[in-house]
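Architecture at a glance
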Amino acid sequence: MSGTMRAAVVTAEGVKVQEAPRPTPGPEEVLVRVRAATLNRADLGVAAGGSHGSMGGAGTILGLDFAGEVAAVGSAVTGVKEGDRVTCSGAGGYAEYAVADIGRVLPVPDRNLSWEQAATLPVALATMHDALVVNGRFKAGESAMILGASSGVGLMGMQIAKFLGATVVVGTSTDPARRARLSEFGADVAVDTKDAGWVDQVLAATGGRGVDVVVDQVSGALINAAMRATAITGRIVNVGRLGGGRAEFDFDLHANRRIAYIGVTHRTRSREEIRAEYAAMKRDLWGAVQDGRFALPIDRVFPLEQAVEALAHMKANRHFGKIALSI
């Protein structure tokens, strides 16, 4: 399949929705006629001319999460056929067509999901399962805390922790309105990290011991307080650095509490590693996904032609849940 398509492309003058070559799937890839895509925080960096792994620079089509119908499959692809409804992670999702590696293609659950709802699932599910379970070694009967819990990925993380048997789920948000809604998505305790007493609130909720696993999307100057809120022999998984990539680090506190501090990213993972990440998520969560146990709110839907406005809406950081593009 050849030709052109409409896509949101990074140019020297910023992001523009324009004609772009229609991609062709490789032997182990699937071509999708995209119906909806959702925004992720990493898109802002790529839109500004930065990079996210192998993506970035002029000519890059934005978008990591997308859903639609299979338009073509590579020669080595099995289990997926033209016309199937799928939701995927990959590159170039802000477009009428996009390709995804077969290991990152998921069937749209057989229930009344909109394309926008389907597109919220892949990155959030895989990222948070990988952080909590694979790297955080979370198990039933432990407690968990999501720092930066009002993001789409954060809301999914709380739901996963609760589903997997967390005794206490803590979510953080500095916005009062968003913090008030965290309980809808699994939070037993919602705290404001701008409140000087927030660590004491976490300790009180966990009988004085702190949480077993922290998924940290904020980092920066929050790290030492986060360690004080973590149990001895607990784990902190560094997923994001919205609060800054550098800060003072209390090594003595880290050692005293015997905390495992684990950094994760997709930028340095091979195709095989990402396939393994998605396979592990499917093993533990996909039955529950099909049953409708996990859902993210859609904050706002923009048409593809308004991709620039959608990115500005995300950058303003006033949304709750996911921002979507209808394509």
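Structure shown above.
Residues numbered from 1 in each chain as written. Predicted model: local features only at pLDDT ≥ 70, side-chain atom pairs only at ≥ 80, totals over all residues. Heavy atoms only, no water.

**Considerations on the sheet that holds strand β13 (residues 211–216)**
The strand order across the open sheet built from 6 strands is β12-β11-β10-β13-β14-β15, with neighbouring strands paired in parallel fashion. Looking at which strands have only one partner, the edges of the open sheet turn out to be β12 (189–191) and β15 (260–263). Put simply, the sheet's adjacent strands are angled 15° from each other on average, direction ignored. Pairing analysis gives 5 bridges linking β13 to strand β14 (residues 230–238), with the strands arranged parallel. What sits directly across from Val213, in β14, is Arg235. Contacting β10 (144–147), β13, β14 and β15, helix α3 (residues 121–135) crosses the sheet at an angle of about 145° to β13. (Pairing = 2+ DSSP bridges. Helix = DSSP H or I, 4+ residues; strand = E, 2+ residues; numbered from the N terminus. Axes fitted to C-alpha atoms, helices over the stretch in contact; angles between N-to-C directions. Contact = heavy atoms within 4.5 Å.)

**Thoughts on the pairing of strand β16 (residues 298–303)**
In terms of strand pairing, β16 meets strand β17 (residues 322–326) through 5 bridges, oriented parallel. Opposite Ile298, over in β17, you have Lys322 as the bridge partner. Taken together, β16, helix α10 (residues 307–316) and β17 form a β-α-β motif whose crossover is right-handed. (Right-handed = clockwise from strand over helix to strand, strands pointing away.)

**A look at the nonpolar core**
By size, the foremost hydrophobic cluster in this structure holds 49 residues, and its most contacted members are Leu125, Leu132, Met156, Met158, Ile160 and Phe294. When residues in this core are grouped by element, the largest group, 9 residues, is from α3. Those residues in contact with Met158, other than ones at most four positions away along the chain, are Ile146, Ala149, Val169, Gly171, Leu182, Phe185 and Ala187. One finds Ala8, Val34, Val77 and Phe302 within the second-largest nonpolar core, a separate group that totals 32 residues. (Core = buried A, V, L, I, M, F, W, Y, C linked by side-chain atoms within 4.5 Å. Buried < 20%, exposed > 50% of the residue type's maximum accessible area, 1.4 Å probe, protein only.)

**Side note on the packing of aromatic side chains**
For the coordinates displayed, the defined rule picks out 4 aromatic pairs. With centroids separated by 5.4 Å and ring planes inclined at 80°, the aromatic side chains of Phe163 and Phe294 adopt a geometry described as edge-to-face. You can see Phe163 sitting in helix α4 (residues 152–163) and its partner Phe294 sitting in the loop between α9 (271–290) and β16, a full 131 residues away along the chain. A relative accessible area of 3% means that Phe294 is categorised as buried. Ring centres 5.8 Å apart and planes at 55° place the aromatic pair Phe185 and Phe320 in the tilted group. With a gap of 135 residues between them, Phe185 in the loop between α5 (176–180) and β12 and Phe320 in the loop between α10 and β17 connect regions that are remote in the sequence. Both residues of the pair, Phe185 and Phe320, count as buried. An aromatic cluster of at least three residues, connected via ring pairs, comprises Phe249, Phe251 and Tyr261. Over the aromatic face of Tyr97 sits the side chain of Arg33, whose NZ or CZ is 5.7 Å from the ring centroid. Looking at Arg85, its charged tip hangs above the ring of Trp115, at a distance of 4.3 Å from the centre. (Phe/Tyr/Trp six-rings, centres within 6.5 Å; stacked < 30°, edge-to-face > 60°. Lys NZ or Arg CZ within 6 Å of the ring centre and 35° of its normal.)

**Quick look at α10**
Within the sequence span of α10, burial applies to Ala307, Ala310, Leu311, His313 and Met314. What you see down the axis of α10 is that its buried residues fit within an arc of 155°, all on one side. Each element contacted by the buried residues of α10 is listed here: β1 (4–11), β2 (14–21), α1 (41–47), β16 and β17. (Arc of directions from axis to C-beta.)

**Concerning the pairing of β15**
Strand direction decides the pairing type here: β14 and β15, joined by 4 bridges, are parallel. Paired with Asn238 across the two strands is Gly263, which belongs to β15.

**Some thoughts on the pattern of salt bridges**
Evaluation of the coordinates by the stated rule reveals 19 salt bridges. Here Glu69 and Arg35 are joined by a salt bridge, their closest N and O atoms 2.7 Å apart. Of the two residues, Glu69 is situated in strand β6 (residues 65–73) and Arg35 in strand β3 (residues 29–38); the sequence distance between them amounts to 34 residues. Owing to a relative accessible area of 22%, Glu69 belongs among the partly exposed residues under this scheme. (Salt bridge = Lys/Arg side-chain N within 4 Å of Asp/Glu carboxyl O.)

**Structural notes on the packing of α3 against α9**
Interaxial distance between α3 and α9 falls to 9 Å at its minimum, and their mutual angle equals 105°. For the element pair α3 / α9, the angle class is roughly perpendicular. Contacts between α3 and α9 involve Leu121, Pro122, Val123, Leu125, Ala126, Thr127, His129, Asp130, Val133 and Val134 from the former and Glu277, Tyr278, Ala280, Met281, Arg283, Asp284, Leu285, Trp286 and Val289 from the latter. Within the contact of α3 with α9, the residues separate by chemical class into 13 nonpolar, 2 polar and 4 charged. (Parallel < 35°, antiparallel > 145°, perpendicular 65-115°, else oblique. Nonpolar A, V, L, I, M, F, W, Y, C, P; charged D, E, K, R; others polar.)

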